[in-house]
Amino acid sequence: MAKVMRKKSRGQSPFSTQNWKKGWEIKALYSATAILIVFGLISLYSASSYHAQKLQIPDSAFFVRQLIGAGIGLIVLLICSRINYDIWRKMAWPIIGATWVLLVLLVLPGEYSFAPEINGAKRWLRIAGMTLQPSELAKIAIIIWTASLAVKKQNQFKSLRSGFLPFAVIWVAVMMPIALEPDMTTSMLVGALGCLVLFLAGGRFGHFIFMMIPLSPFLYVQLMAGFRLQRLKTFFDSVVMGPLDASFDLAGAGYQIRQSLYAIGSGGLSGVGFEQGRQKLGFLPEGHNDFIFAMIGEEWGFFGVIFLVTMYMVIVGLGFHIASKASDQMGQLLAIGISSLIAIQAILHMAVGLGLFPTTGLALPFISYGRSNLLVSMACIGILVNIARPPQGTYMRRRRARA
């Protein structure tokens with residue numbers, strides 16, 4: 001009888017329930033993540049070496065810092081992969097509360113000792129000689145909290161007062177300090193992630209439209225602020241005239257878009273070669289961070305870009321597949337929210353580099369320099385891995401049955 005069962009299992013599809021429980025998705029997720037991180041470290045070293053020289057620090061300074069972040073991130077990933085994801089439902093309020101406190105600390109007037117102003121924005125907390133970006137924590141915190149409350153309020157979604165307003169109040173409370181840093185892009189991303197999770201849980205579309213009415217004046221004022229308005233104007237000018245047109249704003253807000261396209265265009269099919277890129281030599285600011293996609297396009301070419309996009313498609317596709325196989329709604333919503341977070345950030349970052357979206361400061365997950373983003377991204381992978389694991393009770397019953 002045992003031999004017959006083994007023969008049947010060998011003939012099963014790799015997408016069967018049996019093989020799902022064996023965890024092929026987990027192995028694929030680990031592999032794709034490891035490949036992206038290694039590729040990111042290599043690309044970061046090349047993109048940041050000249051910038052490090054300008055700061056009179058070792059060429060590998062940014063690489064070493066990111067490598068340390070990746071090591072810590074690996075520990076975070078393994079811990080999150082072992083924590084039953086149902087714990088996040090119980091910890092949702094403490095997580096969102098602690099995140100909100102950190103965000104408020106950033107925007108307190110006059111606090112520069114632990115919240116320094118860098119490039120005109122206060123986005124980093126300095127704690128024990130290390131920096132932390134609370135807005136990165138807010139992305140995963142809003143997903144966990146919204147998924148947790150959505151499961152609890154499943155039967156109240158028809159009510160605006162008891163079913164939708166509690167979500168809107170917390171979303172706005174988290175979004176406001178992020179917008180005041182200022183970081184309007186991340187603020188809107190956090191709100192969009194919350195709306196997406198709630199909508200997939202059964203929230204009514206009309207309620208989301210209703211929420212936009214009181215928020216519209218605030219969004220208008222923020223978008224019409226000096227540098228944001230200039231970026232929007234530059235983006236629309238690039239759409240109408242083309243970023244390579246002679247009349248385009250070369251030295252102003254259009255400079256980064258033009259240099260980014262120069263970098264990507266000069267890469268051709270196979271790129272100019274590792275460490276041979278020229279745009280990093282002071283022409284394209286933040287080449288190791290906000291525009292690292294352009295650096296990859298220049299040095300690795302079209303093939304490198306396709307490889308990068310494929311890796312993101314694998315991770316996001318696995319995330320949605322894990323969501324479809326999750327044992328409960330909490331797991332489904334967490335997996336969808338996390339997968340959407342990675343996908344949206346990657347798409348927007350690459351769209352900015354190609355001039356298809358106004359210039360923002362969104363990092364490319366697993367690639368851009370920034371340890372806060374890297375740690376949160378790896379924590380997201382750990383949560384996905386835990387959701388992909390078979391329920392503990394099922395696993396123990398299978399072990400007893402085999403014994």
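Along each chain, the written sequence defines residue order, and numbers are assigned to residues from 1. This being a predicted model, a pLDDT of at least 70 is required before a residue's local features are given, and a value of 80 or more before pairs of side-chain atoms are given or counted; all residues contribute to the totals for chains, interfaces and linings. Computation of side-chain values covers all heavy atoms of the structure but excludes hydrogens and water.

*Asks:* Help me out: how do you make sense of helix α14 (residues 329–353) in this one?
*Replies:* Since the α-helix advances by 3.6 residues per turn, residues separated by three or four positions end up pointing in the same direction. By definition, any uninterrupted DSSP run of H or I lasting at least four residues is a helix, any uninterrupted run of E lasting at least two residues is a strand, and each is numbered from the N terminus. Here the expected span of a helix is defined as 1.5 Å times the quantity of residues minus one. A rise of 1.5 Å per residue sets the reference length of α14, with its 25 residues, at 36 Å; its end C-alpha atoms lie 36 Å apart and thus fit the reference within 8%. Of all the 25 residues making up α14, 21 are buried; the element is thus mostly covered by neighbouring parts of the structure. Positioned one or two residues after α14, G355 has a phi angle of 75°, which is positive. The rule is simple: take the accessible area with a 1.4 Å probe, protein chains only, and divide by the maximum for that residue type; under 20% is buried, over 50% is exposed, in between is partly exposed.

*Asks:* What is the right way to look at the nonpolar core in this model?
*Replies:* Among soluble globular proteins, nonpolar side chains are generally buried collectively. We define the nonpolar core as a collection of buried residues of types Ala, Val, Leu, Ile, Met, Phe, Trp, Tyr and Cys that are connected through side-chain atoms lying within 4.5 Å of one another. One finds W171 and F366 to be the most contacted residues of the largest nonpolar core, which totals 99 residues. Counting residues per element, this core draws most heavily on helix α13 (residues 292–325), at 14 residues. Those residues within four positions of F366 in sequence are excluded, and the remaining contacts are T33, L36, I37, G40, Y312, I315, I342, N373, L374, S377, M378 and I381. Between two residues, a contact is recorded if the distance between any of their heavy atoms is within 4.5 Å.

*Asks:* Can you walk me through the pattern of salt bridges in this structure?
*Replies:* Pairs may arise between side chains of opposite charge once their charged atoms sit close together. Note on definitions: salt bridges are taken to be side-chain nitrogens of Lys or Arg within 4 Å of carboxyl oxygens of Asp or Glu. Tallied over the full model, the rule gives three salt bridges. Here R89 and D86 are joined by a salt bridge, their closest N and O atoms 2.2 Å apart. With a gap of three residues between them, R89 and D86 both fall in helix α5 (residues 86–90), about one helical turn apart. In this structure, the salt-bridge partner of K280 is E299, at a minimum N-O distance of 3.4 Å. With a gap of 19 residues between them, K280 in the loop between α12 (255–267) and α13 and E299 in helix α13 connect regions that are remote in the sequence. Judged by relative accessible area, which is 6%, E299 ranks as buried.

*Asks:* Honestly, the packing of helix α7 (residues 134–152) against α14 in this entry has me stumped. Any pointers?
*Replies:* Each pair of packed helices can be described by the angle between their axes along with the distance between the axes. In this analysis, axes come from line fits to C-alpha atoms, helices being fitted only over the stretch in contact, and the angle between any two N-to-C directions falls in the range 0 to 180 degrees. Viewed as axis vectors pointing N to C, α7 and α14 meet at an angle of 150°, and their least axial separation amounts to 9 Å. As the angle between them shows, α7 and α14 are arranged roughly antiparallel. Along this stretch, α7 crosses α14, giving a crossing that reads as right-handed. The segment α7 lies against α14, with E136, K139, I140, I143, I144, A147, S148, A150 and V151 engaging Q329, M330, L333, L334, G337, I338, L341 and Q345. Roughly parallel covers angles under 35 degrees, roughly antiparallel covers those over 145, roughly perpendicular covers 65 to 115, and oblique covers all other angles. Crossing handedness follows the turn of the near helix against the far one: under a right angle anticlockwise gives a left-handed crossing, and clockwise gives a right-handed one.

*Asks:* What is the right way to read the packing of aromatic side chains from this model?
*Replies:* A ring pair, where both rings are aromatic, is described by two values, the distance of the centres and the angle of the planes. To pair, rings of Phe, Tyr and Trp, with the six-membered ring standing in for Trp, must have centres within 6.5 Å; the planes then decide the type, stacked if under 30 degrees apart, edge-to-face if over 60, and tilted in the middle. Considering all chains together, one arrives at 14 aromatic pairs under this definition. Chaining the aromatic ring pairs together yields one cluster made of W93, W145, F157, F164, F167, W171, F199, F205 and F208. In this arrangement the basic side chain of R65 is found over the ring face of F62, its NZ or CZ atom lying 5.3 Å from the centre. Two limits define a charge over a ring: the Lys NZ or Arg CZ must be within 6 Å of the ring centre, and within 35 degrees of the ring normal.

*Asks:* I keep staring at the side chain of T146 and nothing clicks. Help me out?
*Replies:* Its place among the elements puts T146 in helix α7. In this structure, T146 is in contact with F167, W171, G194, V197 and L198, ignoring residues within four places of it in sequence.

*Asks:* Would you mind going over a nonpolar patch on the surface with me for this structure?
*Replies:* Patch building starts from residues that exceed 30% relative accessible area and form no salt bridge, then joins like charges within 9 Å and nonpolar side chains (Val, Leu, Ile, Met, Phe, Trp, Tyr) within 5 Å. Note on areas: Shrake-Rupley, 1.4 Å probe, and residue coverage restricted to the protein chains presented here. Together, V64, I68, I72 and M130 line one region of the surface with nonpolar side chains, adding up to about 350 Å² of accessible area. The topology assignment puts I72 in helix α4 (residues 61–82).

*Asks:* Explanation requested: α12 in the structure shown.
*Replies:* With 13 residues, α12 ought to run about 18 Å at 1.5 Å a step, and its terminal C-alpha atoms sit 19 Å apart, in line with that. Where α12 is concerned, the buried positions are Q256, I257, R258, Q259, S260, L261, A263, I264 and G267. Phi for G268, located one or two positions after α12, is positive at around 60°.

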